[in-house]
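What the coordinates show
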Amino acid sequence: GGAGALGNVIADSFGTGIGVGGTNNVIEGNIVGLAPDGSAPASPNSFSNLNGIELNGSTAAVTGNILRGNVVSGNRQEGIQIAGANATGNTIADNLVGTDAAAAVAVGNGDGFRGINLAFGANQTIVDGNVVAGHAIGTKDAMRLSFEMCRVASRHDRREPDAKPVWISALE
């Protein structure tokens, strides 16, 4: 644990842009799914990575990780996903999800997918200060947060007018 991904541009992979395992990692200041200048998708004719950033706690502990100050847009599926019952005590803060690097233009992630998704038992996640936009296409919500599994400081999260409401559910 304790490693991190700082200030990288990650695009056009067949899989997840940044996959996080282990504990106490800091993922900060990365552009995930967009061109290096952060203005448009890296692949203008298609979406970039599968998921932008994913913490998968389905088989091993993924705890105490911080995702902060990233631009996560233009990916094929979820922007940020934390999944699995062993994903505990992680923080998603101050990210731009579904926008360009200036937060001026919507560049959503995959149609029918969410900007931020906490699923499959992810718990005790703090979600605070994020801008989530560009996810109004399709039937999914901008963010899916399990009510029993996270602490949401949603007063600081900002959805753009085109984004659907935050969906908070007591069920997985």
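Residues numbered from 1 in each chain as written. Predicted model: local features only at pLDDT ≥ 70, side-chain atom pairs only at ≥ 80, totals over all residues. Heavy atoms only, no water.

**Some details on the pattern of salt bridges**
We apply this condition: Just to be clear on terms, a salt bridge is a Lys or Arg side-chain nitrogen sitting within 4 Å of an Asp or Glu carboxyl oxygen. Secondary structure elements are defined from DSSP: runs of H or I of at least 4 residues count as helices, runs of E of at least 2 residues count as strands, and each element is numbered from the N terminus.
Tallied over the entire structure, the rule returns 1 salt bridge. Residue R68 is joined to E28 by a salt bridge in which the shortest nitrogen-to-oxygen separation is 3.1 Å. Linking R68 in strand β9 (residues 66–68) with E28 in strand β5 (residues 26–28), this pair joins segments that are 40 residues apart in sequence.

**A few points about the pairing of strand β16 (residues 125–128)**
The condition is simple: The classification of residues rests on relative accessible area computed with a 1.4 Å probe and restricted to protein chains. Under 20% of the type maximum is buried, over 50% is exposed, and intermediate values are partly exposed. Pairing between strands requires that DSSP locate at least two bridges from one strand to the other.
Of the two faces of β16, the one lined by T125 and V127 is fully buried and the one lined by I126 and D128 carries no buried residue. Note that strand β13 (residues 91–93) and β16 share 3 bridges and pair parallel. The partner of T91 across the bridge, within β16, is I126.

**Observations concerning the nonpolar core**
The condition is simple: For the purposes of this section, nonpolar cores are sets of buried Ala, Val, Leu, Ile, Met, Phe, Trp, Tyr and Cys residues that join through side-chain atoms within 4.5 Å. Any two residues whose heavy atoms approach within 4.5 Å are treated as being in contact.
Grouped together as the largest cluster of nonpolar side chains are 21 residues, with contacts concentrated most on I18, I53, I80 and I92. Of all the secondary-structure elements, those providing two or more residues to this core are β3 (18–20), β7 (53–56), β11 (80–83) and β15 (116–119). Sequence-distant contacts of I92, that is, excluding residues within four places in its chain, are made with L67, I80, I82, I116, L118, T125, I126, V127, D128 and N130. Core analysis: the second largest hydrophobic core is formed by 6 residues, L34, V71, V107 and V131 among them.

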